[in-house]
Amino acid sequence: MVLDDLGTSLRSSLDTLQGKTRLDEDDVEEIVKEIQRSLLSADVDVSLVMDLSDSIETRALEEEPPGGTTARDHVLKIVYEEMVELVGDSTALPLEPQTILLAGLQGSGKTTSAAKMAWWFSTKGLRPAVIQTDTFRPGAYDQAEQMADRAEVDFYGDPDADDPVEIAREGMEATADADVRIVDTAGRHALEDDLIAEIEEIEREVDPDRSLLVLDAAIGQGAKEQARQFEESIGIDGVVITKLDGTAKGGGALTAVNETGSSIAFLGSGETVQDIERFEPSGFISRLLGMGDLKQLSERVERAMQETQEEDDDWDPEDMLEGNFTLKDMKKQMDAMNRMGPLDQVMDMIPGLGGGMMDQLPDDAMDVTQDRMRKFERIMDSMTDEELENPRVVGQERTRRIARGSGTDEETVRQLLEQHSMMERTIEQFQGMGEGDMQRMMKKMGG
Ligand code: GDP
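Treat the numbers as computed from the prediction; the structure is a model and nothing was measured.

Quick notes on the rules
- Residues numbered from 1 in each chain as written.
- Predicted model: local features only at pLDDT ≥ 70, side-chain atom pairs only at ≥ 80, totals over all residues.
- Helix = DSSP H or I, 4+ residues; strand = E, 2+ residues; numbered from the N terminus.
- Contact = placed C-beta atoms within 7 Å.
- Near = placed C-beta within 6 Å.
- Nonpolar A, V, L, I, M, F, W, Y, C, P; charged D, E, K, R; others polar.
- Buried ≥ 20, exposed ≤ 12 C-beta atoms within 10 Å, placed from the backbone.
- Pairing = 2+ DSSP bridges.
- Axes fitted to C-alpha atoms, helices over the stretch in contact; angles between N-to-C directions.
- Parallel < 35°, antiparallel > 145°, perpendicular 65-115°, else oblique.
- Left-handed = near helix turned anticlockwise from the far one by under 90°.
- Core = buried A, V, L, I, M, F, W, Y, C linked by C-beta atoms within 7 Å.
- Domains from an automatic or database assignment.
- Arc of directions from axis to C-beta.
- Expected span 1.5 Å × (residues − 1).

Student: Summarise the overall build of the protein; cite the residues concerned and give the values.
Tutor: For the protein, the count of helices and strands is 21 helices and eight strands. In the protein, the share of contacts with a sequence separation of at least 24, taken over all contacts with a separation of at least 6, comes to 77%.

This is how it looks when you write it as structure tokens:
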């Protein structure tokens, strides 16, 4: 979506900083230009782009990187923090009983999103209900009822009534058993006064815990004005971006998020009720910047890791938290990955291996990578415990010995050591960020 291009171009400009310890103004300018180019081409509002790039530039030049941090990591951390700030640094929708009001123009995807969100809450063990108040669009009632049916959630609507506020009031009573009530409202083709007046009345009637603005990913510069108006009338707590399965880049939705000071709540990517995911800011941005989506990865890794650990009681993933990411840990990760199935799907989510690397590989490159993994395993089998615990002791002579013992070559041994220090650095970076993602992931895997 919106940020795919940004991710790719950012990663390549960050790579030019590899090995540098100090940043000069030219480096920063180059990166900031890259960010501006990608955001503008994704339709993000110009003044927002300028604000964002200004603060990245200022921080990159003024903030003193903590000792031992490379220039690349310093910039990466700043870009990460600024981007997370932009998309909203907290999850807009807690998993708890609540009433949610949906606002947006006609065709933005409100009715579809209402059913999708209800389905999503039902998979989390909450009992949702959809209340359809749209009396304006013919067919809205039938569509909402059908979708609620497909999502297997409670539904309230009244095809014969013509007062949306009345329907809302009765709907709230009729769905008193539900934990999460999602109130769908009518849209218009444009923001008209009567639309605003109607939604304000519904808002007063249902007194929602949260109001979400539903936006089609294809919306461009119009997003700002729309967001401002809804924000003024009912207050917007989060944005649902729909139709991300299309070609649209979604930049306008980011503008809306910024305009309302809210965050992205859900992403919709298809016409069926299951085509929805809850937006996870830190994971999304990490993945974008090629740092790997630790949260998503942790879910998939969890089981594989547990299986691996059951075979080896001495290995404690918590050790990685202490900053000791040894080759043994890396070997365990590789073992676990082998259990997870298609490598290319998993690779993208691994810190240090992820992101751009996969985009640049031809399709058949996966076999080579799989082959390289097998070589890495043989190399590690030829290493002593001391070397596995502390790879820094491996100098030229040991490299030669290990290459011979494993039937590989010295270059591959060096690649393995490089790969390990790259992963080690990534893990340290996450520890430094204090996001807690790594801790949570390790706890999960350890548990
Ligand atoms: P509303 O007028 O805001 O209630 O919009 P609807 O929910 O009726 O959606 C308008 C059209 O967009 C319908 O044809 C939906 O099937 C379609 N739609 C909604 N969300 C998505 C999505 O995430 N992906 C795709 N491809 N179509 C969507």
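Here the narrative resumes.
Student: Residue-level account of the site of the ligand, with values.
Tutor: Lining the immediate surroundings of the ligand are 19 residues, of which Gly109, Lys110, Thr111, Thr112 and Gly268 lie closest. At three residues, helix H5 (residues 110–123) tops the list of elements feeding residues into the shell around the ligand. Considering only residue class, the shell around the ligand consists of no nonpolar, 14 polar and five charged.

Student: How would you sum up the environment of Ala265? Please name residues and give values.
Tutor: As for its placement among the helices and strands, Ala265 is situated in strand S7 (residues 263–268). A tally of 24 C-beta atoms within 10 Å means that Ala265 is categorised as buried. Distance in space between the C-alpha atoms of Ala265 and Phe279 is 5.4 Å, their sequence separation being 14 residues.

Student: Break down the pairing of S7 for me, citing the residues and quoting the values.
Tutor: In summary, the side chains of a regular strand alternate between the two faces of the sheet. Across the six residues of S7, six count as buried, placing the element largely inside the fold. With three bridges connecting them, S7 and strand S8 (residues 276–278) associate as antiparallel partners. Of the residues in S8, the one forming a bridge with Leu267 is Glu277.

Student: Give me the sheet that holds S7: which residues, what numbers.
Tutor: Paired through their backbone hydrogen bonds, the strands of a sheet run either parallel or antiparallel. Pairing is mixed across the open sheet formed by eight strands, whose spatial order is S3-S2-S4-S1-S5-S6-S7-S8. Every other strand in the sheet has two partners, leaving strand S3 (154–156) and S8 as the edge strands with one partner each. Neighbour-to-neighbour, the strand axes of this sheet turn through a mean angle of 25°, independent of strand direction. As paired strands, strand S1 (residues 98–103) and strand S4 (residues 180–184) are joined by five bridges and run parallel to one another.

Student: Would you mind going over the packing of helix H7 (residues 164–174) against helix H8 (residues 193–206) in detail, with residue names and values included?
Tutor: Here H7 crosses H8 at 20°, and the two axes come no closer than 9 Å. Here H8 runs roughly parallel to H7, going by the angle between their axes. Note that H7 runs across H8; the crossing there is right-handed. Two secondary-structure elements touch here, H7 through Pro164, Val165, Ala168, Arg169 and Met172 and H8 through Glu198, Glu201, Ile202, Glu205 and Val206. Here the residues of the contact of H7 with H8 are counted per class, giving six nonpolar, no polar and four charged.

Student: Which residues make up the nonpolar core, and what values go with them?
Tutor: One finds Ala118, Val130, Ile182, Leu213, Val239 and Ala253 to be the most contacted residues of the largest nonpolar core, which totals 83 residues. Composition of this core by domain shows at least three residues from each of domain 1 (4–87) and domain 2 (98–280). With residues up to four places along the chain from it excluded, the contact list for Ala253 reads Leu215, Ala217, Ile219, Ala223, Val239 and Ile241. Judged by nonpolar contacts, the second largest core, of eleven residues, contains Phe325, Met383, Val413 and Leu416.

Student: Please provide a residue-by-residue account of the packing of helix H2 (residues 25–41) against helix H3 (residues 46–62), values included.
Tutor: Where H2 meets H3, the closest approach of the two axes is 10 Å, and the angle between their N-to-C directions is 160°. Taken together, the axes of H2 and H3 lie roughly antiparallel to each other. As for how H2 packs across H3, the hand of that crossing is right-handed. Contact residues: H2 offers Glu25, Val28, Val32, Ile35, Gln36, Leu39 and Leu40, while H3 offers Val46, Val49, Ser53, Ile56, Glu57, Ala60 and Leu61. When grouped by side-chain class, the residues that make up the contact of H2 with H3 number ten nonpolar, two polar and two charged.

Student: Explain H7 to me, and be specific about the residues and the numbers.
Tutor: Of the residues making up H7, those classed as buried are Pro164, Ile167, Ala168 and Gly171. Axial view of H7: buried residues confined to an arc of 100°, hence all on one face. Packing partners of the buried residues in H7 comprise strand S2 (128–132), S3, S4 and H8.

Student: Which residues make up the pairing of S1, and what values do they have?
Tutor: Two elements, S1 and strand S5 (residues 210–216), share four bridges in a ladder whose sense is parallel. Its bridge partner being in S5, Ile100 is matched across the sheet by Arg210.

Student: Provide a residue-level description of the environment of Asp134, including the pertinent values.
Tutor: By the element assignment, Asp134 lies in the loop between S2 and helix H6 (140–151). Here Asp134 falls in the buried class, since 22 other C-beta atoms lie within 10 Å of it. In contact with Asp134, other than residues within four places in its own chain, are Ala140, Asp184, Thr185 and Ala186.

Student: Break down H6 for me, with residues and values.
Tutor: In this model, H6 (twelve residues) spans 16 Å end to end at C-alpha, consistent with the 16 Å of a helix rising 1.5 Å per residue. Turning to H6, its buried residues number three or more, namely Ala140, Tyr141, Ala144, Met147, Ala148 and Ala151. Angularly, the buried residues of H6 cover 140° about the axis, an arc narrow enough to put them on a single face. Counted as exposed and oriented over 90 degrees from the buried face of H6: Asp142 and Asp149.

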